[in-house]
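Residues per chain, in single letters:
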Amino acid sequence: MSKIPISKLGYGCYALGGAYGNTVEVPRAIELIQLAYDLGIRFFDTADQYGTEAILGQAVRSFRSQIALATKVGADSGLARKNILASCDESLRRLDTDYIDLYQIHYDDPSVSVADVVETLEFLKGQGKIRSYGVGHLPLDKTLQYLEYGHPETVLAEMNAASLERYQDLRPLQQGHDFDIIAFSVTGRGLLTSEIPSVPHFSDTDIRRLDPLFKRSKLASGLRIKDKLTEIAGRINATPSQLAIAWVLGNPGVVAALTGPTDPQHLRENCASLDLNLESSLQQEISDFIRQEEKLKQTDISHEIQGILHTPATDSKLAKEGLVYVLEHCIEKGLIPYQIGVDLFSQLMQLEDSPTSLKPIQEIMAKMVPVS
Ligand SMILES: NC(=O)c1ccc[n+]([C@@H]2O[C@H](COP(=O)([O-])OP(=O)(O)OC[C@H]3O[C@@H](n4cnc5c(N)ncnc54)[C@H](OP(=O)(O)O)[C@@H]3O)[C@@H](O)[C@H]2O)c1
């Protein structure tokens, strides 16, 4: 990544495709991306799956050579060689560019070996269609295989003051492998800003409706961290969101932080975090607080999980949300193997909401998750 122009703060186009519930009309999306550039952002991230590549390509046309464009492959097409090659051509066409600065593997495809995927990525590099490649939010063992078989320059990590697990897993790998971490969702999808109420309500089209970060003790812990950030931010005339971003960037091994607001005021606010020179004592104070919170949260979650898995479901909507919460936690902590967890998740999503239909999955999970 050091060879391509990248700014510490990057703009991600996920929300522009409607992921967080609000539709952004194309002209407004283009204005936002251009505003990001005017505010100093030189790194833009999207994915073939977001539906925003064409908007991004159109918005950056006049300053394309001044920025780094990142996109992703694998969500819809899988990772067979012919599919990656076709997807890359499609992304280039939609982005209206001759090259992609950073091409990232978005999801794992168990039917293709990592060595084969790496060979395809190296081939694309040789062709000049991509300048570098990176690993997305993949299971840790797969990430390690990419680091061993290939030369990914970056690994994506969901990373914010309320969500550090992925960073903690990746950081030790930087001892033996030469890659940078790109943090995403650095404001916790809005959780660490001044705008999320203590009882959030999300629309049906907002992915945060099912996001465990906004549920139960994870939410309670995130809000306490937000309060701490607000208190410290008050001392230095900043906002919690700015502090959340500056704190992520103050961690070793992190080359860039991706944020994706759709409100221009939020974008201005977040970009101003680049002017914050966070003193090391404040960086440490935040880290210490997070460490304590982490212990509290883990204790609370262990109790919650046993309650969710061993209490008969009565309200099916709540029960389903509870099982999603447990699954996400167990996959993240390696308590359930990744592929089994993903299969259970898709079974859960396909089930109709009724206590009786949820019961078998609840029982399977109760057998798999140890009482801690
Ligand atoms: N698996 C993956 O590979 C993966 C997953 C997620 C994200 N990403 C990448 O990372 C990028 C950034 O992630 P993200 O979009 O989750 O980042 P984010 O900036 O943490 O979250 C965006 C959400 O937070 C709100 N927000 C941001 N700043 C705010 C502020 N100052 N005040 C109030 N609300 C604020 C936005 O609200 P408004 O819209 O109202 O401004 C929006 O709902 C994505 O766009 C995508 O490119 C990758």
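Procedures and definitions
Residues numbered from 1 in each chain as written. Predicted model: local features only at pLDDT ≥ 70, side-chain atom pairs only at ≥ 80, totals over all residues. Helix = DSSP H or I, 4+ residues; strand = E, 2+ residues; numbered from the N terminus. Rg over C-alpha atoms; globule rule 2.2 N^0.38 Å. Contact = placed C-beta atoms within 7 Å. Pairing = 2+ DSSP bridges. Axes fitted to C-alpha atoms, helices over the stretch in contact; angles between N-to-C directions. Near = placed C-beta within 6 Å. Nonpolar A, V, L, I, M, F, W, Y, C, P; charged D, E, K, R; others polar. Core = buried A, V, L, I, M, F, W, Y, C linked by C-beta atoms within 7 Å. Buried ≥ 20, exposed ≤ 12 C-beta atoms within 10 Å, placed from the backbone. Domains from an automatic or database assignment. Right-handed = clockwise from strand over helix to strand, strands pointing away.

Enquirer: Looking at this model, I keep getting lost on the overall build of the chain. Mind explaining?
Expert: In terms of regular secondary structure, the chain is built from 13 helices and eight strands. On C-alpha atoms alone, the chain measures out to a radius of gyration of 21 Å, which is about the 21 Å that the 2.2 N^0.38 rule sets for 372 residues. Expressed along its principal axes, the backbone C-alpha trace of the chain runs to roughly 60 × 55 × 45 Å. The contacts of the chain with a sequence gap of at least 6 include a subset with a gap of at least 24, amounting to 78%.

Enquirer: Looking at this model, I keep getting lost on the sheet that holds strand E3 (residues 68–73). Mind explaining?
Expert: Whenever strands of a sheet pair, they do so through backbone hydrogen bonds, lying parallel or antiparallel. Taking strand neighbours around the barrel as the criterion, the eight strands line up as E1-E2-E3-E4-E5-E6-E7-E8 in a closed arrangement whose pairing is parallel. Adjacent strand axes in the sheet meet at a mean angle of 30° when their direction is disregarded. Pairing of strand E5 (residues 133–135) with strand E6 (residues 154–158) involves two bridges; the strand directions are parallel. By the bridge assignment for E6, Gly134 is matched with Thr154. Against the sheet, helix H3 (residues 81–95) engages E3 and strand E4 (102–105), with an angle of about 140° to E3.

Enquirer: Where do I start with the site of the ligand in this structure?
Expert: The ligand sits among 29 residues. The nearest are Gly12, Tyr14, Phe184, Gly260 and Pro261. Every element with two or more residues in the shell around the ligand is listed here: strand E8 (254–259) and helix H9 (264–271). Here the element with the most residues in the shell around the ligand is H9; it accounts for three residues. Here the shell around the ligand is composed, by residue class, of nine nonpolar, 15 polar and five charged.

Enquirer: What is the right way to look at the nonpolar core in this model?
Expert: One recurring pattern in soluble globular proteins: nonpolar side chains tend to sit buried together. Judged by nonpolar contacts, the single largest core of 84 residues is most densely connected at Phe44 and Ala183. The residues touching Phe44, leaving out its near neighbours within four places in the chain, are Gly10, Tyr11, Cys13, Ile33, Leu56, Val60, Ile67, Leu69 and Ala70.

Enquirer: Is there a simple way to think about unusual backbone geometry in this case?
Expert: Glycine aside, residues mostly have negative phi angles, and peptide bonds mostly take the trans form. Its identity as a non-glycine residue notwithstanding, Asp96 has a phi of 55°, on the positive side. Relative to the assigned elements, Asp96 resides in the loop between H3 and E4. The backbone phi angle of Arg189 is positive, close to 55°, even though this residue is not glycine. Owing to 27 C-beta atoms within 10 Å, Arg189 belongs among the buried residues under this scheme.

Enquirer: Looking at this structure, how should I read the environment of Ala244?
Expert: By the secondary structure assignment, Ala244 is in helix H8 (residues 240–249). Taking the C-alpha atoms as reference points, Ala244 and Thr187, separated by 57 residues in sequence, lie 6.1 Å from one another.

Enquirer: I would appreciate a short explanation of the domain arrangement of the chain in the present structure.
Expert: Quite often, the size of an interface is put as the accessible area lost when its parts meet. By domain assignment, the chain separates into domain 1 (9–278) and domain 2 (287–368). Of note, the centres of domain 1 and domain 2, computed from C-alpha atoms alone, are 26 Å apart. Facing the 15 residues of domain 1 at the interface are 16 residues of domain 2. In terms of residue count, the dominant contributor to the side of domain 1 that touches domain 2 is helix H7 (residues 216–235) (seven residues). Considering only residue class, the side of domain 1 that touches domain 2 consists of seven nonpolar, two polar and six charged.

Enquirer: It is not clear to me how the pairing of strand E7 (residues 180–184) should be interpreted in this structure. Could you clarify?
Expert: The side chains of a regular strand alternate, residue by residue, between the two faces of the sheet. Within E7, four of the five residues are buried, which leaves it mostly tucked inside the rest of the structure. Sheet topology places E6 next to E7; five bridges connect them, and they run parallel. Looking at the pairing, Leu156 lines up with Ile182 of E7. Remark: the E6/helix H6 (residues 165–170)/E7 crossover connection has right-handed handedness. Both E7 and E8 contribute to a ladder of three bridges, which runs parallel. Counted as the bridge partner of Ile181 is Val254 from E8.

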